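Fold and geometry: a report
Now for the letters of each chain:
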Number of protein chains: 2
Amino acid sequence: MKKGERRKSELTEKMVKYILANGIQSASLRNLAKAAGTSDRMLLHYFTDKEELLTVVLSTISKQLILMLDHTEIEQKTFSHMVRYLYQMMKDPEIKPYMKLWLELIAIASKKEDPYYRIAREIGNHFYGFYKETLKVEEGEEQEKMAALALVMVEGVALLESLDFDEHILSAIEGLEGVRR
Amino acid sequence: MKKGERRKSELTEKMVKYILANGIQSASLRNLAKAAGTSDRMLLHYFTDKEELLTVVLSTISKQLILMLDHTEIEQKTFSHMVRYLYQMMKDPEIKPYMKLWLELIAIASKKEDPYYRIAREIGNHFYGFYKETLKVEEGEEQEKMAALALVMVEGVALLESLDFDEHILSAIEGLEGVRR
DNA sequence: ACAAAAGTGTAGCGAGTGCTACATTATAAT
DNA sequence: ATTATAATGTAGCACTCGCTACACTTTTGT
């Protein structure tokens, strides 16, 4: 890797941390530059404009999140175990910033503007793929449908967790288990 | 009602429409003023500052959404009928702006700052209350738990619908019905 | 009728935004 | 060693933001 590219990814790495901690909203060039220990002038030297910069940074974050999922070497889980497990996982202080950013990305992406829309769908599809691989289906269940159901449930859990609706989440999981008894 | 208050709610009404159409993100005082047919100067005459203005406007929108829910004079629905029904409902062009705004509000509220956090929780609680009243439980189901489950599912559906994941949503609903057969 | 209060226009401040022009220095390629 | 390329600093532009100061008119209350 050339020296310039190395510097570029150094900067990217620090900006990733800043955006995870502070959100896209407060990611001005000057804020990002301060966090990366450089100047806005230099950011625009390495990136053509802010859009390309955010594309790179958000893609990096998305890759990290996907890697974390793939490296979650958990044994196959049944449906409700999976929901419980991911609910606990998203309360982890290391994971939480990713979930907050995920929600922010959804809100922005709902205007269908790239790169946000594209990246959000990419992440969503990886979530689905993860469920399809990791879900242990029981008799009478179909893999794809249960994976889709897990996707819906976990997204709902993530949304409600951000509003501290933990009691409702737990109650919902119990309701789910009651139904499939 | 005094004349001033009447004018204030006229302005509020127009700003409600603007924010439903364009989101909180682009709701600057100047944009809002233009949409309401007045000047930013006058907005700050009727409202003490932008925060109070947004509190009033967002509360109004929240009340509208809640009223729409309450006036949905539907017969009691079983769980999966409810999910299907609300999924169709949120594709209605009249409802969709509310859902987009709901997602935007969630993203902002996740920083726990008032008035956003407070309003978002208020709306969430009304959703839950709606399910608790409208869900027809079947034997072996508990009202509260099924309402919570509906809450989680519908929020998940709303999130994924904004990313156009309609196939996964439908597949999830089928999976759900398969499970409770 | 007169005073108090509410309504409205114009103009601008100070801060933040993405981005650029102009300059200089450091590094790399030949 | 010379030249081309990359890296960095300083300054600032044109714009938007929330908000305010000052002035003036209109309405309202007594």
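Shown above is the structure to which this text applies.
Residues numbered from 1 in each chain as written. Chains lettered and ligands numbered in written order. Predicted model: local features only at pLDDT ≥ 70, side-chain atom pairs only at ≥ 80, totals over all residues. Heavy atoms only, no water.

1. Examining the overall build of chain A
Note the following rule: Numbered from the N terminus, helices here are DSSP runs of H or I no shorter than four residues, and strands are runs of E no shorter than two. Here's how the labels work: a residue is buried when its accessible area is under 20% of the maximum for its type, exposed when over 50%, partly exposed in between, all with a 1.4 Å probe on protein chains only. Here, residues are in contact when the closest pair of their heavy atoms is within 4.5 Å. Note on areas: Shrake-Rupley, 1.4 Å probe, and residue coverage restricted to the protein chains presented here.
Within chain A one finds nine helices and zero strands. Across chain A, helices and strands are ordered from the amino to the carboxyl terminus as α-α-α-α-α-α-α-α-α. Reported as C-alpha extents along the three principal axes, the dimensions of chain A are approximately 60 × 35 × 30 Å. Counting across all 181 residues of chain A, residues that qualify as buried make up 50%. Intrachain contacts of chain A at a sequence separation of at least 6 include 65% that bridge at least 24 residues. Accessible area for chain A stands at about 8900 Å²; split by element, carbon and sulfur atoms hold 50% of it.

2. Thoughts on the protein's contact with DNA strand D
Heads up, the rule is: Here, proximity means that at least one heavy atom of the residue falls within 4 Å of the molecule or strand. Polar contact is the term for a pair of N or O atoms within 3.5 Å; when the atoms are in protein, one must be able to donate a hydrogen and the other to accept it, and sequence-neighboring residues count only if both atoms are side-chain atoms. In this count, Pro and Cys sit with the nonpolar residues alongside Ala, Val, Leu, Ile, Met, Phe, Trp and Tyr, while Asp, Glu, Lys and Arg are called charged and the others, Gly among them, polar.
The immediate surroundings of DNA strand D are formed by 15 residues, with R41 of chain A together with L29, R30, D40 and K50 of chain B found nearest. In DNA strand D, atoms within 4 Å of the protein come 41% from sugar and phosphate. In the environment of DNA strand D, a base nitrogen lies 2.9 Å from a nitrogen or oxygen atom belonging to the side chain of R30 of chain B. Contacts to DNA strand D include K50 of chain B, whose side-chain N or O atom sits 2.5 Å from a phosphate oxygen. For the surface near DNA strand D, the leading source of residues is helix α3 (residues 40-46) of chain A, giving four residues. Classifying every residue of the surface near DNA strand D gives five nonpolar, three polar and seven charged.

3. Examining the packing of aromatic side chains
Note the cut-off: Between the rings of Phe, Tyr and Trp (Trp by its six-membered ring), a pair exists once the centres lie within 6.5 Å; its type follows the angle of the planes, with under 30 degrees stacked, over 60 edge-to-face, and the other angles tilted. A ring is scored as having a charge over it whenever the NZ atom of a lysine or the CZ atom of an arginine sits within 6 Å of its centre and within 35 degrees of its normal.
Within this structure, the stated rule accounts for four aromatic pairs over all chains. Ring centres 5.8 Å apart and planes at 65° place the aromatic pair F130 of chain A and Y131 of chain A in the edge-to-face group. Classification of Y131 of chain A by relative accessible area gives buried; the value is 2%. Positioned above the aromatic ring of Y85 of chain B, the side-chain terminus of K77 of chain B is 4.7 Å from the ring centre.

4. Points about the nonpolar core
One recurring pattern in soluble globular proteins: nonpolar side chains tend to sit buried together. Heads up, the condition is: Buried Ala, Val, Leu, Ile, Met, Phe, Trp, Tyr and Cys residues form a nonpolar core when they are joined through side-chain atoms within 4.5 Å.
Ranked by internal contacts, the top residues of the largest apolar core, which has 132 residues, are I19 and Y131 of chain A together with I19, W102 and Y131 of chain B. Setting aside chain neighbours within four positions, we find Y131 of chain B in contact with M82, L86, Q143, A147, A150, L151 and V154 of chain B.

5. Remarks on the protein's contact with DNA strand C
Surrounding DNA strand C, one finds 15 residues, the nearest of these being L29, R30, D40 and K50 of chain A together with R41 of chain B. Per the 4 Å cut-off to the protein, sugar and phosphate atoms form 42% of the nearby atoms of DNA strand C. At a separation of 2.9 Å, a base nitrogen of DNA strand C approaches a polar side-chain atom of D40 of chain A. Between H45 of chain B and DNA strand C, the recorded distance is 3.0 Å, taken from a side-chain N or O atom to a phosphate oxygen. Looking at the surface near DNA strand C, the elements with two or more residues in it are α2 (29-36) and α3 of chain A together with α3 (40-46) of chain B. For the surface near DNA strand C, a count of residues per class yields five nonpolar, three polar and seven charged.

6. Considering the relation of the copies chain B and chain A
Going by this rule: Alignment of copies: least-squares fit on C-alpha atoms of residues with pLDDT of at least 70 in both copies.
The transformation that overlays chain B on chain A combines an axial shift of 0.0 Å with a rotation of 180°, and the residual RMSD is 0.0 Å. This pairing of chains is accounted for by a two-fold axis. The position closest to the rotation axis in chain B is occupied by the C-alpha of G156 of chain B, lying 1.8 Å away. Here 98% of the contact residues of chain B are again contact residues in chain A; the copies associate through an equivalent surface.

7. A word on unusual backbone geometry
Geometrically, the link from D114 of chain A to P115 of chain A is a cis peptide bond, its omega value of 5° lying close to zero. Residue position: P115 of chain A is located in the loop between α6 (96-109) and α7 (116-134). Even without being glycine, K112 of chain B reaches a positive phi, approximately 65°. Within the secondary structure, K112 of chain B sits in the loop between α6 (96-109) and α7 (116-134). The phi dihedral of D164 of chain B is positive, around 65°, even though this residue is not glycine.

Limitation: the analysis is restricted to geometry and does not speak to function.
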